[in-house]
Amino acid sequence: MNKYRLFVWMIILTLLAGFINAVSVFCYAGVTVSHVTGLISKLAISIIAVDISDGLQLLSLIAAFFVGAVVAGVATGEREFYLHKIYGFIILAIGVLITVPLFLESWVSVMLLAFLMGLQNGMVVSFRGILVRMTHMTGNLTDIGVYIGYKIRGNKAEKPVSGLVPAAAILGFLTGGVIGILLYKFIGSYVFAAASAVYLILGMIYFRLQKTCVDKDFNGVADDQEMPESIVAEEANQL
């Protein structure tokens, strides 16, 4: 049951990324903060147009997203997902920092949003071995397309979850965007307070899940039944 709770947790995070990105696009003249493909293309246009001011702004967003990913890498330290407490602390930190645009309406706030999305995307989170991309949908759409292609080819070994996980992520991101815009029209910048509340709740839920889960790497073997790595290495050396 815990792994399905984790899956719902990840999809809600994806929904929040769609929420934040849609609000950013709506509020800040079409600026995306959850992915950088379009930003890099715009940067290329600015370079050709010799628009230094616009180019520096775009470069600052790309750099902020990148730094967020670096911080996530330093914090987590590995690609293999495990229910470490650090993931909960990252989500709580995002929940606190996401409120900054409430008090500081400037380009710094946009850079902060890009940093937070880079931080969130830098969390390597997977479900049943499938990477869940939480802040940009190109990879998810590619995964669905490849899955369908495999099935057309007749690959019976390809499990439905390989298509369902990225499809759920895309639906979550889209739903978050719709909710974000609708809420912004009703409560304005307070949407960031709403997002903050959800992030903080998700952080607390994660700590509960992390504490009660008996198989924190979701490999099907209870943690107390797994052989410590030091013993495994020692036995391997004796062979």
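Conventions adopted
- Residues numbered from 1 in each chain as written.
- Predicted model: local features only at pLDDT ≥ 70, side-chain atom pairs only at ≥ 80, totals over all residues.
- Heavy atoms only, no water.
- Helix = DSSP H or I, 4+ residues; strand = E, 2+ residues; numbered from the N terminus.
- Buried < 20%, exposed > 50% of the residue type's maximum accessible area, 1.4 Å probe, protein only.
- Expected span 1.5 Å × (residues − 1).
- Arc of directions from axis to C-beta.
- Contact = heavy atoms within 4.5 Å.

*Asks:* Mind laying out the environment of Gly-73, listing which residues take part and the relevant values?
*Replies:* On the secondary structure map, Gly-73 appears in helix α3 (residues 52-76). Since its relative accessible area comes to 37%, Gly-73 is described here as partly exposed. Separated by 49 residues in sequence, Gly-73 and Gly-122 have C-alpha atoms that sit 6.4 Å apart.

*Asks:* Describe unusual backbone geometry, with residues and values.
*Replies:* Even without glycine at this site, Val-50 takes up a positive phi of about 55 degrees. Inspection of the secondary structure puts Val-50 in the loop between α2 (37-49) and α3.

*Asks:* Can you explain helix α7 (residues 138-153)? Please cite residues and give values.
*Replies:* Between its first and last C-alpha, α7 extends 22 Å over 16 residues, near the 22 Å set by a 1.5 Å rise per residue. Residues of α7 that are buried include every one of Gly-139, Asn-140, Ile-144 and Tyr-147, and no others. Angular distribution of buried residues about the axis of α7 spans 145 degrees; they occupy a single face of the element. Summarising the geometry of α7, the exposed residues directed more than 90 degrees from the buried face are Thr-138, Leu-141, Ile-152 and Arg-153. Close packing links the buried residues of α7 with α8 (161-187). Taken from the residues just after α7, Gly-154 is the one with a positive phi, measuring 100 degrees.

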